[in-house]
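Chain by chain, the residues run as shown.
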Amino acid sequence: MYKSVLGDGSMDCRTPEASGKQYMIRSKRQAIAACEKQITLLMNVNGKLMQEIKEMDSSALKNARNLLEQYGKYGKAICKVSNWGQHQTDEAKNELQNTQTMVEKELKDAICSCEVEGC
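Predicted, not measured: the structure shown is a model, and the values here were computed from it.

## Points about the overall build of the protein
Helix and strand counts for the protein come out as one helix and zero strands. Relative to its full complement of 119 residues, the protein shows a buried share of 3%. A total accessible area of about 11,100 Å² is found for the protein, and carbon and sulfur atoms account for 61% of it.

This is how it looks when you write it as structure tokens:
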């Protein structure tokens, strides 16, 4: 029908078949361009998300490190307070023991002196 081939083997643009093929080629080029734009957009979004994830990981790591340091400090403080409390308790026991020994000695001395003096 309208099919005519030019000398170089291409189709004549005036035929309906050539016009349909050109439309298909143009549509495919537009679809490829749209896909390329979408790919570029997705790559940019993925890059931003990766950066945000890295920042969140870094922040979480810093927070965890700070919490571990605080835990260590609190542990040391609790240990010191516990040791101080034990030291205070031991010191109070010793003082009580010394006072009790001194009172017993004074009572014995008082009883002995009373027996000697005849109270």
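## A few points about a nonpolar patch on the surface
A grouping of Leu-41, Val-45 and Leu-49 is seen on the molecular surface, where their side chains present a nonpolar patch of about 240 Å² in accessible area. Locating Leu-49 in the fold gives a position in helix H1 (residues 16–117).

## Observations concerning the confidence of the model for the protein
A residue-level look at the protein finds 86% of positions with pLDDT of 70 or above and a mean pLDDT of 86. Segment residues 1–7: pLDDT under 50, and 12 contacts once partners within four positions in sequence are set aside and those in other chains are kept.

About the criteria used
Residues numbered from 1 in each chain as written. Predicted model: local features only at pLDDT ≥ 70, side-chain atom pairs only at ≥ 80, totals over all residues. Heavy atoms only, no water. Helix = DSSP H or I, 4+ residues; strand = E, 2+ residues; numbered from the N terminus. Buried < 20%, exposed > 50% of the residue type's maximum accessible area, 1.4 Å probe, protein only. Areas by Shrake-Rupley, 256 points an atom, 1.4 Å probe, with all protein chains shown as cover. Patch = residues over 30% accessible without salt bridge, like charges linked within 9 Å, V, L, I, M, F, W, Y side chains within 5 Å. Salt bridge = Lys/Arg side-chain N within 4 Å of Asp/Glu carboxyl O. pLDDT = per-residue confidence, 0-100. Contact = heavy atoms within 4.5 Å.

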